[in-house]
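What follows is each chain in one-letter form.
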Amino acid sequence: MQRRDFLVDVVRLSALCAGLPNEWRLTWRPQYADNPFALGVASGDPWSAGAVLWTRVAPRPLEPHGGMPGNRPVVVWEVAEDEAFTKIVKQGRYTAAPELSYSVHVEVDGLQPDRWYFYRFQSGEAKSAIGRVRTTPADGANTPLRFGVASCANYENGLFTAYGHLANERCDLVTHLGDYIYEYGGRDQVVRSHLGREIITVDDYRLRYAQYKLEAELQAAHAMCPWLVTWDDHEVDNNYANEFGENRMESAEQMRARRAAGYQAWWEHQPVRVPRARSWADLDIRRTTNWGALARFWMLDTRQYRDDQACDDGNRTVPCGDWDNPARSILGAQQEQWLTEGLGQSRSRWQVLGQQVMVAPYDEALGPEQRVSMDQWSGYPRSRERILNAIAERAPNRTVVLTGDIHSNWVNELRAGFDRPDRPVVAAEFVGTSIASGGDGQEQTEPFKARLAELPYIKWQSGRRGYYVCDVTEREWRTDYREVPFVTRPGAPVHTVTRWRVEHGRAGITAL
Ligand SMILES: [Fe+2]
């Protein structure tokens, strides 16, 4: 079955079930009292001849169905070489559908490799903002790449100031590592409140995406360049694992229904290529993107297929319970195999793993006792060992792991076997802090510094908000960490706080 067929079937099925002839009514010249493109535009998952272009028709985004009447509005899309749209190279029509919350996903093809383009949408008289998109370099090209890395934007904890600065970085690409939204119900006494209760149904999730996507800084960052997006837990439920919810109260059926709702709304609101799946609850989002011959991005999913966290989750003294059972996996057997085999087959100069939780263990107990997070790779030590062994064998010192989740910056050297300092470093891990989650952030405490001092593979750490930017060439990888001093009030400037280098084929990360 083709990817496209799956969606067509979903659309047909929903329409048949609903039995509403109105849903089949194409509206060629829709009229809108409000801007139907209030949620902005985005592009993503680029390849050398195209990319996905995204928008959603939602004239009143915070109302049910985005304020749409249940029709099928026709949306015209255009891709041009210039911002004035005098040289249009591609255009077409897309019919938005209520079953997919009027989202628009255009897979534009037939563009030139390694080129910037401009795109926009029109429905009736209404025109969208203009977005910038670029194709990747052609297969053999070693064109340099500059990309930003972001994660974790809890709307209630802070403003999206860091997204605004990211929009000015002149990146070719942004990778987003998840926690793009948070599922919690609205609370008082926060920077700004989520609308409604904790989100569970697909309409709840849609409303939450709409609330986030109304933010101008986020729209600006999307409009700047294509994104490569994966999800973490909060796109569904905090610390969920496969079919286990955070509180372990839900049945597997309830969790699957919630996953289906969260995954569908994620797909509807992200510029991603349509994955193939049996149902929304099984949306398979792991995928690769090549940047010419320079880099291959592996966008991983450490949530959907993982075994339940060992020892009731949380931070635990290890060994405990099932913790180091070799049968346990954070990626699931199929994804592990896909990645380990793929690392051996790829000829790309750099292998880049875009994923959620920290690979290097943070041992929070002083002395020989080991106390680590059950939710990170440290909770799946044998799974981690298998991946690091594969990297050691197939792509040593040209593999870089991009990590989110933890709301703090970390620079980590990765060894196959963390209790074996005699083993060589085989990969670099750059952990990016949050955009907003955790509020303004904090300084390192003295007890925390003492713990870090026992972990020499952690080269640097910081608890402020921000993102990082990578400049990649054939010979070297540079990572610059950018931080904002506050997010609980507007106007924070951005600073580069530290810069790091990985030399292709050389073990270790060095400070610049
Ligand atoms: Fe987070």
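It should be noted that the structure appears before, not after, this text.
Residues numbered from 1 in each chain as written. Predicted model: local features only at pLDDT ≥ 70, side-chain atom pairs only at ≥ 80, totals over all residues. Heavy atoms only, no water.

Asker: Account for the overall build of the chain, with residues named and values stated.
Answerer: A count of helices and strands for the chain gives eight helices and 25 strands. By the compact-globule yardstick of 24 Å for 512 residues, the chain fits well, its C-alpha radius of gyration being 22 Å. Taking all 512 residues of the chain together, 60% fall into the buried category. At a minimum sequence separation of 6, the contacts of the chain that also span at least 24 residues come to 71%. On the chain, roughly 19,900 Å² of surface is accessible, and the fraction owed to carbon and sulfur atoms is 48%. A gap of 5 Å separates the mean positions of the 61 positive and 68 negative side-chain charges of the chain. (Helix = DSSP H or I, 4+ residues; strand = E, 2+ residues; numbered from the N terminus. Rg over C-alpha atoms; globule rule 2.2 N^0.38 Å. Buried < 20%, exposed > 50% of the residue type's maximum accessible area, 1.4 Å probe, protein only. Contact = heavy atoms within 4.5 Å. Areas by Shrake-Rupley, 256 points an atom, 1.4 Å probe, with all protein chains shown as cover. Lys, Arg positive; Asp, Glu negative; His and termini not counted. Charge placed at Lys NZ, Arg CZ, Asp CG, Glu CD.)

Asker: How would you sum up the pattern of salt bridges? Please name residues and give values.
Answerer: The final tally for this structure, using the stated rule, is 41 salt bridges. Two residues, glutamate 268 and arginine 206, come together in a salt bridge whose shortest N-O distance is 2.8 Å. Of this pair, glutamate 268 sits in helix 5 (residues 252-269) while arginine 206 is found in helix 3 (residues 202-213), placing the two residues 62 residues apart along the sequence. Note on accessibility: glutamate 268 and arginine 206 belong to one class, buried. Of the charged contacts, one joins aspartate 480 and arginine 482 as a salt bridge, the two residues approaching to 3.5 Å between their closest N and O atoms. Look at the salt bridges and you will find they share partners, linking Arg146, Glu169, Asp471, Asp480, Arg482 and Arg499 into a network. (Salt bridge = Lys/Arg side-chain N within 4 Å of Asp/Glu carboxyl O.)

Asker: Give me the lowdown on unusual backbone geometry, citing residues and values where you can.
Answerer: Look at the link from valine 318 to proline 319: it is a cis peptide, with omega at 0 degrees. Inspection of the secondary structure assignment puts proline 319 in the loop between strand 15 (315-318) and helix 6 (333-345). The backbone of aspartate 114 sits at a positive phi, close to 60 degrees, despite the residue not being glycine. Take aspartate 114: it is sitting in the loop between strand 6 (103-108) and strand 7 (116-123). For aspartate 114, a relative accessible area of 33% gives the class partly exposed. We note that arginine 248 has phi near 55 degrees; this positive angle belongs to a residue other than glycine. Among the structural elements, arginine 248 can be located in the loop between strand 12 (227-229) and helix 5.

Asker: Outline the state of the cysteines, supporting the account with residue identities and numerical values.
Answerer: If you walk through the whole model with that rule in mind, you get one disulfide. Between the sulfur of cysteine 311 and that of cysteine 320 lies a disulfide, 2.0 Å long from S to S. Handedness here is read from the sign of the S-S torsion; for cysteine 311 and cysteine 320, about 105 degrees, the answer is right-handed. No disulfide involves cysteine 225; its sulfur sits 5.6 Å from that of cysteine 171, the nearest cysteine. With no disulfide of its own, cysteine 470 lies 8.9 Å from the sulfur of cysteine 171, the closest cysteine sulfur. (Disulfide = S-S within 2.5 Å.)

Asker: An account of the pairing of strand 10 (residues 145-150) is needed here, citing residue identities and associated values.
Answerer: Every regular strand shows the same layout, with side chains that alternate between the two sheet faces. With five of its six residues buried, strand 10 lies for the most part within the structure. The pairing of strand 10 with strand 22 (residues 458-472) spans five bridges and is classified as antiparallel. Bridge assignment links valine 149 to a residue of strand 22, and that residue is tyrosine 468. Inspection of the sheet shows strand 10 paired to strand 11 (residues 173-176) by four bridges, in the parallel sense. Bridge pairing links valine 149 to threonine 175 in strand 11. Taken together, strand 10, helix 2 (residues 161-166) and strand 11 constitute a β-α-β crossover, and its handedness is right-handed. (Pairing = 2+ DSSP bridges. Right-handed = clockwise from strand over helix to strand, strands pointing away.)

Asker: Account for the nonpolar core, naming residues and giving values.
Answerer: Core analysis: the biggest nonpolar cluster contains 49 residues, and Phe160, Tyr163, Trp227, Trp266, Leu283 and Ile435 have the highest contact counts within it. Among the secondary structure elements, those contributing two or more residues to this core are helix 2, helix 3, helix 4 (216-224), strand 12, helix 5 and strand 22. If one sorts the elements of this core by residue count, helix 5 sits on top with seven residues. In contact with tyrosine 163, not counting residues within four places along its chain, are Ala150, Ala153, His176, Tyr180, Glu217, Leu218, Ala221, Trp227 and Ile435. The next biggest cluster of nonpolar side chains, apart from the first, holds 30 residues, and it includes Leu300, Ile387, Leu388 and Ala427. (Core = buried A, V, L, I, M, F, W, Y, C linked by side-chain atoms within 4.5 Å.)

Asker: Now, about the coordination of the iron ion: what can you tell me, with residues and values included?
Answerer: Taken together, Cys152 (SG), Asp179 (OD), Tyr182 (OH) and His407 (NE2) make up the full set of protein donors to the iron ion, lying 2.1 to 2.6 Å away. Here the iron ion is ringed by four donor atoms whose angles at the metal span 87 to 169 degrees, and the overall shape comes out irregular. Here the donor residues of the iron ion share one chain and are spaced in sequence as C-x26-D-x2-Y-x224-H. Here histidine 407 lies in the loop between strand 18 (399-403) and strand 19 (409-415) and aspartate 179 lies in the loop between strand 11 and helix 3, a separation of 228 residues in the sequence. For histidine 407, a relative accessible area of 23% translates into the label partly exposed. (Donors = N, O, S within 2.8 Å, 3.2 Å for Na, K, Ca; no water. Tetrahedral: all angles 85-135°; square planar, octahedral: opposite > 155°, others 65-115°.)

Asker: Would you mind going over helix 7 (residues 381-394) in detail, with residue names and values included?
Answerer: Between its first and last C-alpha atoms helix 7 spans 20 Å; for 14 residues at 1.5 Å apiece the expected length is 20 Å, and the two agree. Those residues of helix 7 not exposed but buried are Pro381, Ser383, Arg384, Ile387, Leu388, Ala390 and Ile391. Contacts made by the buried residues of helix 7 are with helix 6, strand 16 (350-354), strand 18, strand 19 and strand 20 (425-431). (Expected span 1.5 Å × (residues − 1).)

Asker: Can you break down the packing of aromatic side chains residue by residue, with the values?
Answerer: According to the stated counting rule, one finds 24 aromatic pairs in the structure shown. Judged by centre distance (5.6 Å) and plane angle (55 degrees), the rings of tyrosine 362 and phenylalanine 448 are tilted. Highlighted residues: tyrosine 362 in the loop between strand 16 and strand 17 (370-373) and phenylalanine 448 in helix 8 (residues 446-453), separated in sequence by 86 residues. Members of the aromatic cluster, each reached through a chain of ring pairs, are Tyr155, Phe160, Tyr163, Tyr180, Tyr209, Tyr212 and Trp227. When the ring centre of tyrosine 155 is taken as origin, the NZ or CZ atom of arginine 192, which lies over that ring, is 3.9 Å away. The positively charged end of lysine 213 is found above the aromatic ring belonging to tryptophan 54, 4.3 Å away from the centroid. (Phe/Tyr/Trp six-rings, centres within 6.5 Å; stacked < 30°, edge-to-face > 60°. Lys NZ or Arg CZ within 6 Å of the ring centre and 35° of its normal.)

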